[in-house]
Amino acid sequence: MKKIYTFISAALLTGSMLAQPFFTPVTYKGAFPVTDGMTGVSSNDWTAGWAEWNPDVKSYPTTVTQTINSDITTNTTWTSSNVYKLVGNISVKNGAVLTIQPGTIIYGDQATKSCLIIAQGAKIIAQGTVANPIVFTSDQGVNNRLPGDWGGLIILGYGVTNTSCGSCSTNPNTNYIEGFSSNFPEILHGGNNNDDSSGVLSYVRIEYAGVALSSASNSEINGLTMGSVGRKTKIDHIQVSYSGDDSYEWFGGAVNAKYLIAFRGLDDDFDTDHGWAGNVQFGLAIRDKDISDTGKDSNGFESDNFDPGSGRTPLTSGIFSNITLVGPKRDGNTSLPSNQAFGKALRIRRNTSISTFNSIIVGWSKGVSIEGSATEDNFIGDSAVFANNLIVGASDPLATASNSFYYTFFSQDGNDTTQTVAQIAWVDPFPTALSDTADFRLMNNTSVAATGASFTDTKFSGLVINTGIREVSNVLSLLSVYPNPSSGIATIGFSLKERADVVIQVLDITGKVVYATELANLSLGNQHTAVDLSTAKAGIYFVAISVNGSEKQVSKLVVNN
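As the structure is a prediction and not an experimental result, all values here were calculated from the model.

Basis of the calculations
Residues numbered from 1 in each chain as written. Predicted model: local features only at pLDDT ≥ 70, side-chain atom pairs only at ≥ 80, totals over all residues. Heavy atoms only, no water. Helix = DSSP H or I, 4+ residues; strand = E, 2+ residues; numbered from the N terminus. Rg over C-alpha atoms; globule rule 2.2 N^0.38 Å. Buried < 20%, exposed > 50% of the residue type's maximum accessible area, 1.4 Å probe, protein only. Contact = heavy atoms within 4.5 Å. Areas by Shrake-Rupley, 256 points an atom, 1.4 Å probe, with all protein chains shown as cover. Lys, Arg positive; Asp, Glu negative; His and termini not counted. Charge placed at Lys NZ, Arg CZ, Asp CG, Glu CD. Polar contact = N/O pair within 3.5 Å; in protein donor to acceptor, adjacent residues only side chain to side chain. Pairing = 2+ DSSP bridges. Axes fitted to C-alpha atoms, helices over the stretch in contact; angles between N-to-C directions. Parallel < 35°, antiparallel > 145°, perpendicular 65-115°, else oblique. Left-handed = near helix turned anticlockwise from the far one by under 90°. Nonpolar A, V, L, I, M, F, W, Y, C, P; charged D, E, K, R; others polar. Disulfide = S-S within 2.5 Å. Salt bridge = Lys/Arg side-chain N within 4 Å of Asp/Glu carboxyl O. Core = buried A, V, L, I, M, F, W, Y, C linked by side-chain atoms within 4.5 Å.

Novice: Is there a simple way to think about the overall build of the protein in this case?
Specialist: Across its full length, the protein holds 4 helices and 36 strands. Here the C-alpha radius of gyration of the protein, 23 Å, is about what a compact globule of 561 residues would show, namely 24 Å. For the protein, the C-alpha atoms occupy an extent of roughly 70 × 60 × 50 Å along the three principal directions. Of all 561 residues assigned to the protein, the portion counted as buried reaches 59%. Long-range pairs, those at least 24 residues apart, make up 70% of the contacts in the protein between residues at least 6 apart in sequence. Roughly 21,000 Å² of accessible area belongs to the protein as shown, and the carbon and sulfur atoms make up 48% of that amount. If you average the places of the 35 positive and of the 49 negative side-chain charges in the protein, the two averages end up 6 Å apart.

Structure (structure tokens):
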């Protein structure tokens, strides 16, 4: 037993040397694991309990108790006992912190094309919960809500962007976020600090945003717009539904995100530009055949560096892993209307250098499109990677590629176009109506997506979560595991000396992670969380806790199943 513990300790200590870990190593491709057999919030479906698949008929409170029609310049808390309405462009600025309680409802005013702007130096602390997500939605009533009813949520920071406006600073670059008909200080973003923090966004729904602010090109606001947002901002468990433009768009910065849903948006699901260098893991995008951006092309991913001047540095270089992209053709048998404007599952162009791993693409006629010699050179030189992905049922999986380069990198990097929807074996991916709850968990371990994910590419260096041990912690104390031995359900108890981000992993004696969860922005004091190992084999396990990506402790757990 001592030798086994020494092995675990060595493995964990090696992991503790990695800087800023982010990716949780899993065996499966796509956004969801093999089902644990449970349903509801106790299942391993991370959408359960807080996501909403039919927001048009969702009944929200009809009485607005507070109208917000002026900027927020001092620390402010919005409470769940009130219902808020944004009128016009509302900026949180002058270093103010806007705190939003779990369960709070915020309406966007259609008449004034309202939006909420978190300006540089300000913060939003919107920490919802599974049972009580925070909701931004249209002020229109049931059955009257439409994409683009209001503006959306805009977060701006001091991270690095590779472009500037004509009158903006170029050392470091600053720029105004796109969409507005005139520029004003609150929409400026950019700087030299990719470690900047704009706060916390967790368990939040953003519905029916994405209004066009004028008739000019690119005047639409996205569901969630991030301009130069830094990586110390915490973003997880977000659902953007029925956006009138992109569901998510990043302009520079290095913010990371986990557990993102893009649902029935008009334009792109995930759009990256201007040197964004963050990471995203676990994302689900579901398209509606009847909703696309006429006059443009609606893509799953659209990634640019900058146009014109695509050679500007730093290049857009974010990493996506474990994404499930469900296109408008769904299982491949859905016919598209004649006026549809769908493009590609992934449109990668203009010298961008993003990478995509361990993902599943289904329901798109055209798969991955790598456009332009500069972008191709990024893949040839491995500064960009497309690896271990499944493209299912696409009639043109490489999007009319004529260059043999596509086929070389595609086959060498473990990508596969030969599998079927049946072989993926999702539980219930295509219910009759898109408003019904889908289930993209894998039915069993025979699924072709249950194995084959990999986090060994050099792109993941320093980014894979590995918990380690530190005997004395400045933040974490009182680690306990009980009952121990356990019949499968155990409680992890610990105490924090300050607010912190916590990762909990359970490892078997070989060092394999069998359970992992992330708890963002926990308050100081005693904490308790349950882990379910009821399906694990009897034996010895190790519970490891990581605080803020560095301070770590471990405890032994015996499971008697």
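Novice: Would you take a moment to explain the side chain of Ser454 for this structure?
Specialist: With respect to the helices and strands, Ser454 occurs in the loop between β29 (439-442) and β30 (476-482). Of the polar contacts made by the side chain of Ser454, one reaches the side chain of Thr456; its length is 3.0 Å. If sequence neighbours within four positions are ignored, Ser454 has contacts with Asn358, Asn388 and Phe460.

Novice: What exactly am I supposed to notice about the sheet that holds strand β4 (residues 89-92) here?
Specialist: Backbone-to-backbone hydrogen bonds join strands into a sheet, with any given pair of strands oriented parallel or antiparallel. Reading across the sheet, the 9 strands line up as β4-β7-β10-β14-β16-β18-β20-β22-β25 and stay open at both edges, with parallel pairing between neighbours. Two strands bound the open sheet, and with one partner strand each, they are β4 and β25 (368-370). Strand after strand, the sheet turns through a mean of 10° between neighbouring axes, direction not considered. Note: strand β14 (residues 224-227) against strand β16 (residues 248-251), 4 bridges, orientation parallel. Among the inter-strand pairings, Met226 is bridged to a residue of β16, identified as Trp250.

Novice: Where do I start with the packing of helix α2 (residues 373-380) against helix α3 (residues 404-412) in this structure?
Specialist: When two helices pack together, their arrangement is captured by the angle between the axes and the distance separating the axes. Orientation of α2 relative to α3, taken along the N-to-C sense of each, is 30°, at an axis distance of 11 Å. Taken together, the axis directions place α2 and α3 in an arrangement best described as roughly parallel. In this structure, α2 meets α3 at a crossing whose hand is left-handed. Here Glu376, Phe379 and Ile380 of α2 come into contact with α3, specifically with Phe405, Tyr406 and Phe409. When its residues are assigned to classes, the contact of α2 with α3 shows 5 nonpolar, no polar and 1 charged.

Novice: What exactly am I supposed to notice about the state of the cysteines here?
Specialist: Two cysteines, two sulfur atoms, one covalent bond between them: this is a disulfide. Across all of its chains, the model carries 1 disulfide by this definition. Across the disulfide, Cys165 is cross-linked to Cys168 (sulfur-sulfur distance 1.7 Å). Taking the sign of the S-S torsion, 95° for the link of Cys165 and Cys168, the bridge is right-handed. There is no split in this pair, since Cys165 and Cys168 are both buried. With no disulfide of its own, Cys115 lies closest to Cys168 among cysteine sulfurs, the gap being 18 Å. The exposure class of Cys115 is buried, given its relative accessible area of 0%.

Novice: What am I meant to see in the pattern of salt bridges here?
Specialist: Opposite charge on two side chains permits them to pair, given that their charged atoms come into close proximity. Counted under the stated rule, the structure contains 19 salt bridges. With its nearest N and O atoms 2.9 Å apart, the salt bridge here joins Asp195 to Arg231. Linking Asp195 in the loop between β12 (188-189) and β13 (199-207) with Arg231 in the loop between β14 and β15 (234-241), this pair joins segments that are 36 residues apart in sequence. Here Arg347 ties to Glu371 by a salt bridge, and the two come within 2.9 Å at their closest N and O atoms. Here Glu371 lies in the loop between β25 and α2 and Arg347 lies in strand β22 (residues 346-348), a separation of 24 residues in the sequence. Of the two residues, Arg347 and Glu371, both sit in the buried class. The structure contains a network of salt bridges with shared partners spanning Glu302, Asp304, Asp307, Arg349 and Arg350.

Novice: Before we go on, may I ask you to explain the nonpolar core in this structure?
Specialist: Core analysis: the biggest nonpolar cluster contains 64 residues, and Leu116 and Phe270 have the highest contact counts within it. Those residues within four positions of Phe270 in sequence are excluded, and the remaining contacts are Tyr248, Trp250, Leu260, Ala262, Ala285, Gly300, Phe301, Glu302, Phe320, Ile323 and Leu325. In terms of nonpolar packing, the next biggest core, distinct from the first, is built from 44 residues, Ala31, Leu284, Leu442 and Phe455 among them.

Novice: Help me understand the environment of Asp413, please; the structure alone is not making it clear to me.
Specialist: For Asp413, the location among the structural elements is in the loop between α3 and α4 (421-424). Residues Asp413 and Gly191 lie 222 residues apart in sequence; the distance between their C-alpha atoms is 36 Å. Setting aside anything within four residues of it in sequence, one finds Asp413 in contact with Val385, Phe386, Ala387 and Asn388.

Novice: I'm lost on the pairing of strand β19 (residues 279-286) in this one. Help?
Specialist: Two faces, one strand: in a regular strand the side chains alternate between the faces of the sheet. Of all 8 residues that make up β19, 8 are buried, and the element is covered over most of its length. As judged from the 6 bridges shared by strand β17 (residues 257-263) and β19, these two strands associate in the parallel manner. Residue pairing in the sheet places Lys258 in a bridge with Gln281 of β19. In this structure, β19 lies alongside strand β21 (residues 319-326), joined through 7 bridges in parallel fashion. Bridged to Val280 within β21 is Phe320.

Fair warning: the whole summary comes from geometry, so function is off the table for now.
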